[in-house]
Amino acid sequence: MSLVYPFDEAATARVVIAEDGTLASWNEGARRLLGWTEAEILGKPARDLVADAAPQIRSDRWYGSVPLRHRDGRTVVVWLLVHHQWHPKSGPAHWLVVSPLERPTAGPPGDPLEVSVLAQTPCALAVYDEHLRLHSVNDAMARTLGLPQEEIRGLRLSEIGGKPQSEELERNALEVLSSGLPRDVQTYLRTGGEEEAHAWLARMTPVMDGTGRVRGVCMAAHDFTDSYLARERLQLVNEASVRIGSTLDVARTAQELADVCVPALADFVSVDLLDADEQSGDPPTRVTVPVGLRRIAHQSVNPGSPEAVVEPGEFDTYPASSPQADSLVAGRTTVASVAGGNLDQWLARSRARRERVQEYGIHSTMSVPIQARGTTLGVAVLTRFRRPDPFTPDDVLLAEEVTARAAVCIDNARRFSRERETALALQRSLLPRRLPRTAAVDAASRYLPAARAGVGGDWFDVIPLSGMRVAMVVGDVVGHGVQASATMGRLRTAVRTLADIDLAPDELLTHLDDLVVRLSEDGGGEAGRPGEVGATCVYAVYDPVSRKCTLARAGHPAPVMLHPGGAAHEVELPAGPPLGVGGLPFESTELYLPEGTLLAFYTNGLIWSRDRDAEVGRRLLREALDGHTGSLDATCDRALAALLPPDGIADDVALLLAGTRGLPAGRVATWDIPADPALVAPIRRQVGEQLATWRLEEVSFTAELVVSELVTNAIRYGARPIRLRLIHDTGTLICEVSDTSHTAPHLRRAKTWDEGGRGLLLVAQLTQRWGSRHTADGKTIWAELGVLDEDAVPGITP
């Protein structure tokens, strides 16, 4: 960067002499200063311009005050630079008349540019004139620069030191010269021919004459390398504490360790970890050679890390002579160098590493074990090749401090990953592996564990019920981890148990709420107060015969419904309190669903995001469902793509889609039964005729016997009205007898001399399943029989 000075360089007198000592060039500044024109002076000896009292000027380099002859005969004292330099026209030397002086050559006492304290102070001092050319330095500054005073006088800062640091100093000196205000500048550069750079604090102050005019700049240089390095190390440790451990991912944390150390501490850093034991999941308690390590991360000052022999994810074995093995076996940091011969044996075994060392000039390595909580996790190897200085004891302490911080983060990430894998395995084992095929609905589902917070307690289920009905449930347990997954499993089992006794949705949620309250109390919560266990849930029962769906929810998002040919909208359903809170009762809603209606049940993780309002998520879900074309799996994928961020989800996501079906009227037969046991025989004949219509003669005898027993029990022990219903679906025949009595039947074993009590036992032995369910009007006893698949019997149509 060029500098603009507060004086006109063109006005400076410049005289160029040829190699034979004659004047070769004369600029306008020299003409105004001495009065000679080019025609009068060019080609004449340069010595003719110097007065008799002039000191002896060396031909190579000289700086000082010189009296020159003016054209009118008077003497003009000037500051003169004799600078040995090649000139394109005249040869290898030229004079540069810097400025005229109006005072004696030696300078009176107190001259700002001739301060005697320069030679006495131990501080490195330099004085620059008003053109920012070096006027004088003391011995301390000369030793610092490593150059004799005679060679550097008259040079600018940018001509003495290396760039760009010296140019930065010169810019600040110009500001001091222009403003007259002092300034402190910190820089890091090499001086005196030393290999290592030093940190310098340059204090610049203006030098003024008696009139207050700024005549120059005084610069005092202070070496504060020790404190500078200490501050840099402290800054690196602080940066490590901030940057390392931003996530609970082992690979990401290892990469952050490598990134922090390059280039602040090394030119190439590799992080290798020991593989966990298959039984315990922990690294081996004892390290033996050869050591097997897996590369997790590395970083280099060169793009692409071309120095690496092993890529991330690859496994490699390190012999006893390698820095990795030596450090891990010893349990401490080891430093090795190529010059010291410490790496010869290892490099002799690995041609690839030997070529890398020669190609990139690797000269030093430092291996630091990664240890946390008494466990050795792996090793970090720091390598230098661009920096010429080897690792120092201070570097070892710094690397150990940074690695120790990273080791705790890596161990935390490792423990979290193991717990997450355990929770995920538990979660997937408790969730349905495949959804059952039912005559009521077609279903598809998706479950995605949280990427950052860990596996949660989201669950879903499709539960076949009696009478071809089906229950659908989606829930969300508060919290994450193994505990949440275990709680989810208990709740899912409880829902299946309560669904098996055919409870209405609102009653089922009431019983489930009591269970969560008890779980909370067992987990440490006080009676009557919400504890640490909590959950939300939505439960729905769909009947394909009546095509009615009854729903209830406990603090869970309402499902979204899409009628055939309509637009997706949320179901208006009372929210209810979350499970485990207690208090308000749950309310259910009954809806009529045309065949082909799409129901979407989901958890909060699908619609909620830190960067998006929940209402926006609901709108996106409705738009995704509006695009439903018949494939439930495709609709699931479209919804996830529209709602989930690409960088990972913050909470678990469960999505259950159900497309409803309706059972044709030809598959259902219903009779009203008179309360007369003598009329059971005609009912049996009507059942046989209906089975013949359905071409189910092979189960006619069994079905008539079951119907006879169920109807007889209803007439004897139930209350009018009594109704018989047969439902036929693929592979199943269902017999249902309903009455208005709420007395539940019980299966018992009759004694030898008992005349009755064998009816339900006979039903249980002749059918696949049987049971009872209570309704608002009474109860229903049902039994299922397996029949030949209708697809194998031609002529049967729905």
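Attention in this report is confined to the structure presented alongside it. In this convention, every chain numbers its residues from 1, walking through the sequence in written order. Residue-level local features of this predicted model are given only where pLDDT is at least 70; pairs of side-chain atoms are given and counted only at 80 or more, and the full residue set underlies all totals for whole chains, interfaces and linings. Excluding hydrogens and water, the side-chain values take into account all heavy atoms of the structure.

1. Digging into the overall build of the chain
Runs of E in the DSSP output that reach at least two residues are strands. Runs of H or I that reach at least four are helices, and both are numbered from the N terminus. Within the chain one finds 20 helices and 31 strands. Within the structure as shown, the chain displays about 38,400 Å² of accessible surface, and the carbon and sulfur contribution to it stands at 50%. Per-residue and other accessible areas follow the Shrake-Rupley method at a 1.4 Å probe size, with only the shown protein chains counted as cover for residues.

2. Quick word on the packing of helix H8 (residues 250-261) against helix H12 (residues 393-430)
At their nearest, the axes of H8 and H12 sit 8 Å apart, and the two run at 165° to each other. Judged by the inter-axis angle, H8 sits roughly antiparallel to H12. Considering only the axes of H8 and H12, their crossing is right-handed. Between H8, through Val250, Thr253, Ala254, Leu257, Val260 and Cys261, and H12, the contact on the second element is made entirely by Val402, Thr403, Ala406, Cys409, Ile410, Ala413, Arg414 and Ser417. Axes here refer to lines fitted to C-alpha atoms; in helices the fit is confined to the stretch in contact. Angles between the N-to-C directions go from 0 to 180 degrees. Here the angle decides the label: under 35 degrees means roughly parallel, over 145 means roughly antiparallel, 65 to 115 means roughly perpendicular, and every other value means oblique. Two helices cross in a left-handed way if the nearer one is turned anticlockwise from the farther one by less than a right angle. They cross in a right-handed way if the turn is clockwise. Every residue pair with non-hydrogen atoms within 4.5 Å of one another is taken to be in contact.

3. Section: the nonpolar core
With 55 residues, the main nonpolar core has Trp459, Met472, Tyr539 and Phe601 as its most contacted residues. In contact with phenylalanine 601, other than residues within four places in its own chain, are Met472, Val474, Val538, Ala540, Leu551, Pro559, Ala654, Leu655 and Leu656. Residues enter a nonpolar core if they are buried and are Ala, Val, Leu, Ile, Met, Phe, Trp, Tyr or Cys, with the set joined through side-chain atoms within 4.5 Å. Each residue is placed in one exposure class: buried if its accessible area under a 1.4 Å probe, protein chains only, is under 20% of its type's maximum, exposed if it is over 50%, and partly exposed if it falls in between. Listed in part, the 34 residues of the second largest apolar core include Val237, Val260, Val396 and Ala407.

4. A short note on the packing of helix H13 (residues 482-500) against helix H14 (residues 505-522)
At their nearest, the axes of H13 and H14 sit 10 Å apart, and the two run at 145° to each other. The chirality of how H13 crosses H14 is right-handed. Where H13 abuts H14, its residues Arg490, Leu491, Ala494, Val495, Leu498 and Ala499 lie against Leu508, His511, Leu512, Leu515, Val516 and Leu519. Gly is placed with the polar residues, together with every amino acid not listed as nonpolar (Ala, Val, Leu, Ile, Met, Phe, Trp, Tyr, Cys and Pro) or charged (Asp, Glu, Lys and Arg). Here the contact of H13 with H14 is composed, by residue class, of ten nonpolar, one polar and one charged.

5. A short note on the pairing of strand E6 (residues 124-129)
Counting buried positions over the six residues of E6 gives six, a clear majority of the element. Of the two faces of E6, the one carrying Ala124, Ala126 and Tyr128 and the one carrying Leu125, Val127 and Asp129 are both buried. A pair of strands is considered paired only if DSSP assigns at least 2 bridges between the two. Across six bridges, the pairing between E6 and strand E10 (residues 214-223) is antiparallel. Each bridged residue has a counterpart across the sheet, and for tyrosine 128 the counterpart in E10 is valine 217. Sheet analysis places E6 next to strand E7 (residues 134-137), joined by three bridges and oriented antiparallel. Its bridge partner being in E7, valine 127 is matched across the sheet by serine 136. The antiparallel hairpin formed by E6 and E7 contains four residues in its connecting segment, where leucine 132 sits at a positive phi of about 60°.

6. Side note on the packing of aromatic side chains
Aromatic rings from Phe, Tyr and Trp, taking only the six-membered ring of Trp, are treated as a pair when their centres fall within 6.5 Å; an angle between ring planes under 30 degrees marks them as stacked, one over 60 as edge-to-face, and anything in between as tilted. Inspection of the entire model under this criterion finds one aromatic pair. Seen in terms of ring centroids, tyrosine 360 and phenylalanine 385 are 6.2 Å apart; in terms of plane orientation they differ by 55°. Their pairing is tilted. Highlighted residues: tyrosine 360 in helix H11 (residues 351-360) and phenylalanine 385 in the loop between strand E16 (375-384) and H12, separated in sequence by 25 residues. Note on tyrosine 360: relative accessible area 22%, which makes it partly exposed.

7. Quick notes on the pattern of salt bridges
When a carboxyl oxygen of Asp or Glu is within 4 Å of a side-chain nitrogen of Lys or Arg, the pair counts as a salt bridge. Taken as a whole and assessed by the stated rule, the structure comprises 36 salt bridges. When the shortest N-O distance is used, the salt bridge between aspartate 637 and arginine 446 registers 3.1 Å. Highlighted residues: aspartate 637 in helix H17 (residues 632-643) and arginine 446 in strand E17 (residues 441-448), separated in sequence by 191 residues. Residue classification places aspartate 637 among the partly exposed residues on the basis of a relative accessible area of 42%.

8. Focus on the sheet that holds strand E20 (residues 535-543)
Read across the open sheet, the five strands follow the order E18-E19-E20-E21-E24; overall the sheet is antiparallel. Two strands in the sheet have a free side with no partner beyond their single neighbour: strand E18 (456-464) and strand E24 (588-592). Shown here is a sheet whose adjacent strand axes are inclined to one another by a mean of 15°, direction ignored. Here five bridges tie strand E21 (residues 548-554) to E24, and the two strands are oriented antiparallel to one another. Bridging across to E24, threonine 550 finds its partner in glutamate 590. Packed onto the sheet, H14 meets E20, E21 and E24 and runs at close to 25° relative to E21.

9. Notes on the pairing of E16
Sheet faces and side chains relate simply in a regular strand, where the side chains alternate between the two faces. Where burial is concerned, most of E16 is hidden: nine out of the ten residues are buried. Inspection of the sheet shows strand E11 (residues 268-273) paired to E16 by six bridges, in the antiparallel sense. In the strand pairing of E16, leucine 273 is matched with glycine 378. Of the strand pairs in this sheet, strand E15 (residues 364-372) and E16 are connected by nine bridges, and their pairing is antiparallel. Paired with serine 367 across the strands is valine 381, a residue of E16. Hairpin connection from E15 to E16: two residues lie between these consecutive antiparallel strands, with arginine 373 at a positive phi of about 55°.

Note that all results are geometric; they support no functional claim without further evidence.
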